[in-house]
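Remarks on the overall topology
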Amino acid sequence: PSCCARIGSKGNMTHPKDFEWFSVYIAFGRAACDAQLLEKTLVSLCSLLKLGGATINGTMYNQILDHFNKRTLGQLEHEVRKLAPPEMSIAFEWLPDALKQRNFLNHDFFWEYALLLESESGRRHAIEKLEEMALRFRTAEEAASLMVNILHSKLGITQEALQNAARALIDEGRNVH
C-alpha cells in the first residue's frame, strides 16, 4: 500500500511495519508544525511592520492580522521584504530557502520519497531530511521572532502584556466545549 494508505481509516495499524512509519509521520508533523509557526510569526511581523508605529485599537489590529493570515508563505515573504526597512533586509536571507523547503514538504515530500520509504534505511534517511527541514524552519522562525520582539519593544508592548494576552487566549481555549 502507499505511504498514505498504510494506516487504516480509523487510525488502526494494518501491518507490523506500520509502527516504523509512525516515526516518519511524527517527523513530518514536527516539520509541518515548525513551518506553520514560521508562517504565523511572519504574519505577526508583517502586521507590526504595516503598523509602522501607528496607534490603533484591537479591532483594527485584528483586521491587519486577518489580512496577513490569508497570505501564503510566498506572499508573506514578498510582504515582509516590501514593508521592512532596508537595514532589516539582511535578516531575511533565510526566507527563500524556508519557502522552498516548506513547498517541498507540503507538495512533494511523500511523492519524492515514496520508494525510499519502503525500506528501513530509506525511512531513516527521510526522517533525517525532515529533521533538517524542521531545524531550518525553527532557525528562520527564531530570526523572525527576534525582529517581532524588537518591534514590540519599539511600540512599547511589554513581554508581560504579551504573556497576559497569551494566558487569556489559553483560558478562552479551555472554555471551548
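How each quantity is defined
Residues numbered from 1 in each chain as written. Predicted model: local features only at pLDDT ≥ 70, side-chain atom pairs only at ≥ 80, totals over all residues. Heavy atoms only, no water. Core = buried A, V, L, I, M, F, W, Y, C linked by side-chain atoms within 4.5 Å. Buried < 20%, exposed > 50% of the residue type's maximum accessible area, 1.4 Å probe, protein only. Helix = DSSP H or I, 4+ residues; strand = E, 2+ residues; numbered from the N terminus. Contact = heavy atoms within 4.5 Å. Arc of directions from axis to C-beta. Phe/Tyr/Trp six-rings, centres within 6.5 Å; stacked < 30°, edge-to-face > 60°. Salt bridge = Lys/Arg side-chain N within 4 Å of Asp/Glu carboxyl O. Axes fitted to C-alpha atoms, helices over the stretch in contact; angles between N-to-C directions. Parallel < 35°, antiparallel > 145°, perpendicular 65-115°, else oblique. Left-handed = near helix turned anticlockwise from the far one by under 90°. Nonpolar A, V, L, I, M, F, W, Y, C, P; charged D, E, K, R; others polar.

As a further point, take the nonpolar core. Ranked by size, the top nonpolar core spans 43 residues in total, and within it Leu42, Leu45, Phe92, Trp94 and Leu130 carry the most contacts. Within the residue set of this core, elements represented by two or more residues are α1 (18-51), α2 (58-69), α3 (73-83), α4 (95-107), α5 (109-113) and α6 (120-155). With 14 residues, α1 is the largest single contributor of residues to this core. Not counting residues up to four positions away in its chain, the partners in contact with Trp94 are Leu38, Leu42, Ala140, Ala143, Ala144 and Met147.

This part is about α3. Those residues of α3 lying buried are Leu73, Leu76, Glu77, Glu79 and Val80. Looking straight down α3, one finds that the buried residues subtend no more than 170 degrees of arc, so they occupy a single side. In α3, the exposed positions angled more than 90 degrees off the buried face are occupied by His78 and Lys82.

Let us now look at the packing of aromatic side chains. Going through the model one piece at a time under the given rule, you end up with 10 aromatic pairs. When the centroid spacing of 6.4 Å and the interplanar angle of 65 degrees are considered together, the rings of Phe104 and Tyr113 count as edge-to-face. You can call Tyr113 buried: its relative accessible area is 9%.

Moving on to the pattern of salt bridges. Following the criterion strictly, the structure yields 10 salt bridges and no others. With a closest N to O distance of 3.5 Å, Arg81 and Glu77 form a salt bridge. Taken together, the residues Arg81 and Glu77, both in helix α3 and four residues apart, mark about one turn of the helix. Accessibility expressed as a relative area gives 38% for Arg81, which makes it partly exposed. Residues joined by salt bridges that share partners form a network here, namely Asp97, Lys129, Glu132 and Arg136.

With respect to the helices and strands, the residue His152 is situated in helix α6. The contact partners of His152, leaving out residues within four places of it in the chain, are Leu48, Ile157 and Leu162.

Across the interface, α4 lies against α6 with an axial gap of 10 Å and an inter-helix angle of 140 degrees. One element, α4, and the other, α6, form an angle in the oblique class. Like other packed secondary-structure pairs, α4 and α6 cross with a definite hand, here left-handed. Across from Asp97, Ala98, Gln101, Arg102, Phe104 and Leu105 in α4, the residues of α6 making contact are Lys129, Leu130, Met133, Arg136, Phe137 and Ala140. Class assignment of the residues belonging to the contact of α4 with α6 gives a composition of seven nonpolar, one polar and four charged.

So, about the environment of Met133. Residue placement: Met133 occurs in helix α6. For Met133, a relative accessible area of 0% translates into the label buried. Once you skip the residues sitting within four places of it in the chain, Met133 turns out to touch Gln101, Phe104 and Leu105.

Running from N to C, α3 and α4 cross one another at 170 degrees; their axes reach a closest spacing of 10 Å. Regarding the angle of α3 to α4, the classification is roughly antiparallel. Counted together, Leu73, Gly74, Glu77, Val80 and Arg81 of α3 and Leu95, Pro96, Ala98, Leu99 and Arg102 of α4 form the full contact between these two elements. Of the residues assigned to the contact of α3 with α4, the class counts are six nonpolar, one polar and three charged.

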